[in-house]
Amino acid sequence: MSITVDIKLKKASKIFHEGENISGLILLQTNSDVKHDGISLTMEGAVNLQLSSKTVGIFEAFYNSVKPIQLMQYTVEVASAGKIPCGKTEIPFELPLKPRGTKVLYETYHGVFVNIQYLLRCDIKRSFLAKDVSKSLEFMVEDKPLGTSVGGPNKTVFFKIMPESIQSIRDRNPVPKFCISGRIDSLVCKLAEPLSGEVVIEKCDTTIKSIELQLVRVETCGCAEGYSRDATEIQNIQIGEGNVCTGLAIPIHMIFPRLFTCPTLNTSNFKVEFEMNLIVVFEDDYLVTENFPIILTRH
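Note that the structure is a prediction, hence the values are computed from the model and not measured.

Draft legend 1. Representation of the overall build of the protein within the structure. Across its full length, the protein carries zero helices and 21 strands. Buried residues in the protein amount to 45% of all 299 residues. In the protein, the share of contacts with a sequence separation of at least 24, taken over all contacts with a separation of at least 6, comes to 73%.

Draft legend 2. Geometry of the confidence of the model for the protein. For the protein, per-residue confidence averages 87 on the pLDDT scale, and 88% of positions sit at 70 or higher. Within the protein, the lowest mean pLDDT, 89, falls on strand E17 (residues 226-241), and the highest, 96, falls on strand E9 (residues 109-110).

Draft legend 3. How the structure looks around the packing of aromatic side chains. Applying the stated criterion across every chain yields a total of seven aromatic pairs. Arranged with centres 6.0 Å apart and planes meeting at 90°, the rings of Phe16 and Phe139 form a pair that is edge-to-face. A residue pair is termed long-range when its members are at least 10 positions apart, and Phe16 in strand E2 (residues 15-16) and Phe139 in strand E11 (residues 133-141) qualify at 123 residues. Accessibility classification places Phe16 together with Phe139 in one group, the buried group.

Draft legend 4. View of the pattern of salt bridges. For the structure shown, the criterion picks out nine salt bridges. Notably, a salt bridge pairs Arg183 with Asp185, separated by 2.7 Å at the nearest N-O pair. With a closest N to O distance of 2.5 Å, Asp285 and Lys209 form a salt bridge. With Asp285 in the loop between strand E20 (270-282) and strand E21 (287-297) and Lys209 in strand E16 (residues 208-223), this residue pair connects regions lying 76 residues apart in the sequence.

Draft legend 5. Looking closely at the nonpolar core. Formed by 76 residues in total, the largest nonpolar core has its most connected members in Ile116, Leu120, Phe139 and Phe270. When residues in this core are grouped by element, the largest group, seven residues, is from E20. In this view, Phe270 contacts Val47, Leu49, Ile69, Tyr106, Val114, Ile116, Thr220, Cys221 and Leu265; residues no more than four positions away in its chain are not counted.

Draft legend 6. Summary view of the sheet that holds strand E13 (residues 178-184). In spatial order, the strands read E12-E13-E15-E18; together these four strands make up an open sheet with antiparallel pairing. Every other strand in the sheet has two partners, leaving strand E12 (157-161) and strand E18 (249-254) as the edge strands with one partner each. Taken over all neighbouring pairs, the strand axes of this sheet differ in orientation by 20° on average, direction set aside. Looking at chain direction, E12 and E13 are connected through five bridges and run antiparallel. Across the sheet, Phe158 pairs through a bridge with Arg183, a residue of E13.

Draft legend 7. The environment of Asp185, seen in detail. As for its placement among the helices and strands, Asp185 is situated in the loop between E13 and strand E14 (188-190). Overall, the relative accessible area of 25% leaves Asp185 in the partly exposed class. Taking C-alpha positions, Asp185 is 4.6 Å from Thr156, a pair spaced 29 residues apart along the chain. Setting aside residues no more than four positions away along its own chain, Asp185 makes contact with Lys155, Thr156, Ser196 and Gly197. Looking at Asp185, its side chain comes within polar contact range of the side chain of Arg183, at 2.7 Å.

Draft legend 8. Representation of the pairing of strand E10 (residues 114-124) in the model. Bridging between strand E5 (residues 39-49) and E10 involves 11 bridges; their strand directions are antiparallel. Counterpart to Met43 in the pairing with E10 is Leu120. Looking at chain direction, E9 and E10 are connected through two bridges and run antiparallel. Residue pairing for E10: His110 is matched across the bridge by Asn115. Linking two consecutive strands that pair antiparallel, namely E9 and E10, is a turn of three residues. As defined by bridge partners, E10 adjoins E11 across seven bridges and the pair is classed as antiparallel. Residue pairing in the sheet places Leu120 in a bridge with Leu137 of E11.

Parameters and conventions
Residues numbered from 1 in each chain as written. Predicted model: local features only at pLDDT ≥ 70, side-chain atom pairs only at ≥ 80, totals over all residues. Heavy atoms only, no water. Helix = DSSP H or I, 4+ residues; strand = E, 2+ residues; numbered from the N terminus. Buried < 20%, exposed > 50% of the residue type's maximum accessible area, 1.4 Å probe, protein only. Contact = heavy atoms within 4.5 Å. pLDDT = per-residue confidence, 0-100. Phe/Tyr/Trp six-rings, centres within 6.5 Å; stacked < 30°, edge-to-face > 60°. Salt bridge = Lys/Arg side-chain N within 4 Å of Asp/Glu carboxyl O. Core = buried A, V, L, I, M, F, W, Y, C linked by side-chain atoms within 4.5 Å. Pairing = 2+ DSSP bridges. Axes fitted to C-alpha atoms, helices over the stretch in contact; angles between N-to-C directions. Polar contact = N/O pair within 3.5 Å; in protein donor to acceptor, adjacent residues only side chain to side chain.

Quick look at the structure:
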């Protein structure tokens, strides 16, 4: 006697906005009639915060403030106690996507120390001797199309990197002479559009090995007792390989990966911010990095 459970959403993209109805089917399949004590469907959303290993032991009181932040949670009974007939059974459902009390439904985001996740979970309660059956499905939440933007108008940034503009006091080896210029079209970026710009190697006395774009997430988990702030890499894209020509405009084009990015968040319990690093690697593995804090918005 076995039961297989699946949850299918009518929306193939699995992307929803606050206020919409989430509808779909609970699919059950058994090879014989199965008794049960009720079938329920739970919809929940939470922000899970985690401390980095370097912070553990520093803030003892911190652990009390790193509990999951419940954004929404409610359960509906889709079938009262009875029998699931042999074969396939479909149970339709429809639930409104709304936050709990005064909570805010943040966008789905999978980070290292901050995770914002939304789940549908079907539970089939069985008798004392039988094992309960459960099935979960993640769905994505995005800001409404007409939501207010976090950032302002486009902020084009022009940059020029030279040995004089970087701090290399600790380096024993002399810094090669170089001049790198370019622009970032906007530091306020829409998630659906690529980050763009260009970089030009105006002159360089040594051979260049690689030019890379690095997207970084900066996650902060904090409270009155202290906070933990960590920067981790999301992706690294090579835009120039080998000793590129001087005077040639190399396009900067970076698409923001879904799930691993979200609109820039700044709340009382946590922050999710983003940065882009332009990295030039010379032949002797000497690195030159220019950092650009960016603001991500949905619209």
